[in-house]
Amino acid sequence: MSGGDNLDFEIRPNPAPVSDADRSALLANPGFGRIFTDHMVTVRYADGKGWYEPLVAARAPIPMDPASAVLHYAQEIFEGLKAYTLPDGGVAMFRPDANAARFNQSAARMAMPALPVETFLQSLHEIIRVDRDWIPSDPEGSLYLRPFAYASEVFLGVRPATEYLYLVIASPVGPYFSGGVKPVSIWVSPDFTRAAPGGTGAAKCGGNYAAGLSAQAEAAEHGCDQVVYLDAVERKYIDELGGMNVFLVLDDGTLVTPPLTGTILPGITRDSVIKLAQKAGRRVEERPISLDEWREGAASGRVREAFACGTAAVITPIGVIKGESGDFTVGDGGPGEVTMAIRQELVDIQRGRAEDPFGWVHRVL
Ligand code: PLP
Ligand code: COI
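Residues numbered from 1 in each chain as written. Chains lettered and ligands numbered in written order. Predicted model: local features only at pLDDT ≥ 70, side-chain atom pairs only at ≥ 80, totals over all residues. Heavy atoms only, no water.

**Some words on the overall build of the protein chain**
Here comes step 1: Within the protein chain one finds 8 helices and 18 strands.
Here comes step 2: If one aligns the C-alpha atoms of the protein chain with their principal axes, the spans along those axes are about 60 × 50 × 35 Å.
Here comes step 3: Burial analysis of the protein chain (365 residues in total) assigns 52% to the buried set.
Here comes step 4: The long-range fraction of contacts in the protein chain, counting pairs at least 24 apart against all pairs at least 6 apart in sequence, stands at 72%.
Here comes step 5: By element, 52% of the accessible surface of the protein chain is carried by carbon and sulfur atoms, the whole surface being about 15600 Å².
Here comes step 6: In the protein chain, which carries 33 positive and 46 negative side-chain charges, the distance between the mean positions of the two groups comes to 1 Å. (Helix = DSSP H or I, 4+ residues; strand = E, 2+ residues; numbered from the N terminus. Buried < 20%, exposed > 50% of the residue type's maximum accessible area, 1.4 Å probe, protein only. Contact = heavy atoms within 4.5 Å. Areas by Shrake-Rupley, 256 points an atom, 1.4 Å probe, with all protein chains shown as cover. Lys, Arg positive; Asp, Glu negative; His and termini not counted. Charge placed at Lys NZ, Arg CZ, Asp CG, Glu CD.)

**Describing a nonpolar patch on the surface**
Here comes step 1: Taken together, the side chains of Tyr73, Leu156 and Val158 define a hydrophobic patch exposed on the protein surface, amounting to about 320 Å² of accessible area.
Here comes step 2: Relative to the helices and strands, Tyr73 resides in helix 2 (residues 69-73).
Here comes step 3: The class of Tyr73 is partly exposed, set by a relative accessible area of 39%. (Patch = residues over 30% accessible without salt bridge, like charges linked within 9 Å, V, L, I, M, F, W, Y side chains within 5 Å. Salt bridge = Lys/Arg side-chain N within 4 Å of Asp/Glu carboxyl O.)

**Digging into the pattern of salt bridges**
Any two side chains of opposite charge can pair, on the condition that their charged atoms come close.
Here comes step 1: Counted under the stated rule, the structure contains 20 salt bridges.
Here comes step 2: Asp20 is the salt-bridge partner of Arg23, the closest N and O atoms lying 3.0 Å from each other. Residue Arg23 and its partner Asp20 are both found in helix 1 (residues 20-28); the two are separated by 3 residues, about one turn of the helix.
Here comes step 3: Judged by relative accessible area, which is 11%, Arg23 ranks as buried.
Here comes step 4: For Asp20, a relative accessible area of 52% gives the class exposed.
Here comes step 5: Notably, a salt bridge pairs Arg129 with Glu126, separated by 3.6 Å at the nearest N-O pair. One end of the pair is Arg129 and the other is Glu126, both in helix 4 (residues 117-130) and 3 residues apart, which spans about a single turn.

**Notes on the site of ligand 1**
Here comes step 1: Taken together, 16 residues are adjacent to ligand 1, and Arg102, Tyr209, Glu240, Thr269 and Thr311 come closest.
Here comes step 2: In the environment of ligand 1, an oxygen atom lies 2.4 Å from a nitrogen or oxygen atom belonging to the side chain of Tyr209.
Here comes step 3: The side chain of Thr311 places a nitrogen or oxygen atom 2.6 Å from an oxygen atom of ligand 1.
Here comes step 4: For ligand 1, whose accessible area on its own is 380 Å², the fraction buried by protein is 96%.
Here comes step 5: Those elements that provide at least two residues to the shell around ligand 1 are helix 6 (268-279) and strand 15 (303-310).
Here comes step 6: Of the residues that constitute the shell around ligand 1, the class distribution is 5 nonpolar, 7 polar and 4 charged. (Near = heavy atom within 4 Å. Polar contact = N/O pair within 3.5 Å; in protein donor to acceptor, adjacent residues only side chain to side chain. Nonpolar A, V, L, I, M, F, W, Y, C, P; charged D, E, K, R; others polar.)

**Here's the deal with the domain arrangement of the protein chain**
Here comes step 1: Its domain assignment divides the protein chain into domain 1 (10-173) and domain 2 (184-350).
Here comes step 2: Facing 19 residues of domain 1, the contacting portion of domain 2 comprises 22 residues.
Here comes step 3: Of the roughly 1700 Å² buried where domain 1 meets domain 2, counting both sides, 59% is carbon and sulfur surface.
Here comes step 4: On the domain 1 side of the interface with domain 2, the three residues burying the most area are Phe78, Phe94 and Arg102, jointly 34% of the side's total.
Here comes step 5: Run the count over domain 1 and domain 2 and you get 2 salt bridges.
Here comes step 6: Salt-bridge contacts for Arg95 lead to Asp271; the nearest nitrogen and oxygen are separated by 2.9 Å.
Here comes step 7: Looking at the side of domain 1 that touches domain 2 element by element, the count peaks at 5 residues for helix 3 (residues 96-109).
Here comes step 8: By residue class, the composition of the side of domain 1 that touches domain 2 is 9 nonpolar, 3 polar and 7 charged. (Domains from an automatic or database assignment. Buried area = accessible area lost by both parts, 1.4 Å probe.)

**Topic: the packing of aromatic side chains**
Here comes step 1: Inspection of the entire model under this criterion finds 14 aromatic pairs.
Here comes step 2: With a centroid separation of 5.0 Å and an interplanar angle of 55°, the aromatic rings of Tyr45 and Trp51 are classed as tilted. In this pair, the class of Tyr45 matches that of Trp51, namely buried.
Here comes step 3: Through a chain of ring-to-ring contacts, the aromatic side chains of Tyr45, Trp51, Phe103, Phe120, Tyr164 and Tyr166 assemble into a single cluster.
Here comes step 4: For the cation-ring pair, Arg23 lies above Trp134, with the distance from its terminal atom to the ring centre recorded as 5.9 Å.
Here comes step 5: Over the ring of Tyr52 we find Lys49; its NZ or CZ atom is 3.9 Å from the centre of that ring. (Phe/Tyr/Trp six-rings, centres within 6.5 Å; stacked < 30°, edge-to-face > 60°. Lys NZ or Arg CZ within 6 Å of the ring centre and 35° of its normal.)

Structure representation (structure tokens):
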């Protein structure tokens, strides 16, 4: 391909790829984000020149000057999406165009150059093609794709950099939470907030995750799998988890989820759940949810189920909520019926096992 926004990727196959036997052993129990494929994508950017040198080559360390701007001021963004093996042996990605759009929204917030959507999509096609043998074929597995970009300019002044590097790496993964689909426990962070109005909460930038690590560590100290953040202004309303959006299921079947006001990540799984639920005639409310509403609803039975959703976590039931103002359990603490039905419906579409009413499945091979 050439011309317009399309770049011609040079493909330099890894001269020493992992052997078939070693790869099979790694794929038997990949975990999450621990093992990586043989290749990576790189595309460079410079002001005045645009995006250039699109390359697929052996995955390798990136030489980096210690004064690279990203190491100092964290001008970095990323995405996360999955490729799946289809029943006919083909391969598809789920809504990669939505990730491309969000990548550019994150770029705009972090004063970084937009990457043409075509280049983003093509880069994913290229790595899937060259590393297709790394895509797990088991029913829980997938190839997690991690596109990201950072300020590579060697400069310590504080201003948007003039040079960037875009990369894609790929990681065969199993479930994000080990132990299959079982409810997770979440910790209400009393001290830390994730994002304030006007901040970077809606951007997928590394800094948001760095800022959340203390809260995540605190959650782990309290025996919880994840942290849930309250809003930064009133410390009253649920925002989201460290790496997932949140939904409640009410006793009349209504789904409730916090609105997109700029402080939470506009999750693609969140959007997919909303669209599928509405199509099925289910009521969906995007509105503030206070922790008190959640706690009181769990006690009264008004809140029947709760779940977290995201690319890595798919849809994961939430069982117990712990915090300084007391612990409570949603439903009987087990996976909810509505949660599991929505999960099944979504996963079946993602894996090409069910009709795809919104055209979300993007076949690659
Ligand atoms: N919220 C945060 C903070 C995340 O990191 C993620 C994961 O990407 C999500 C929500 C869910 O987004 P998505 O469904 O697009 O993966
Ligand atoms: C994802 O679901 O893609 C995420 O980014 C969550 C976490 C792994 C950061």
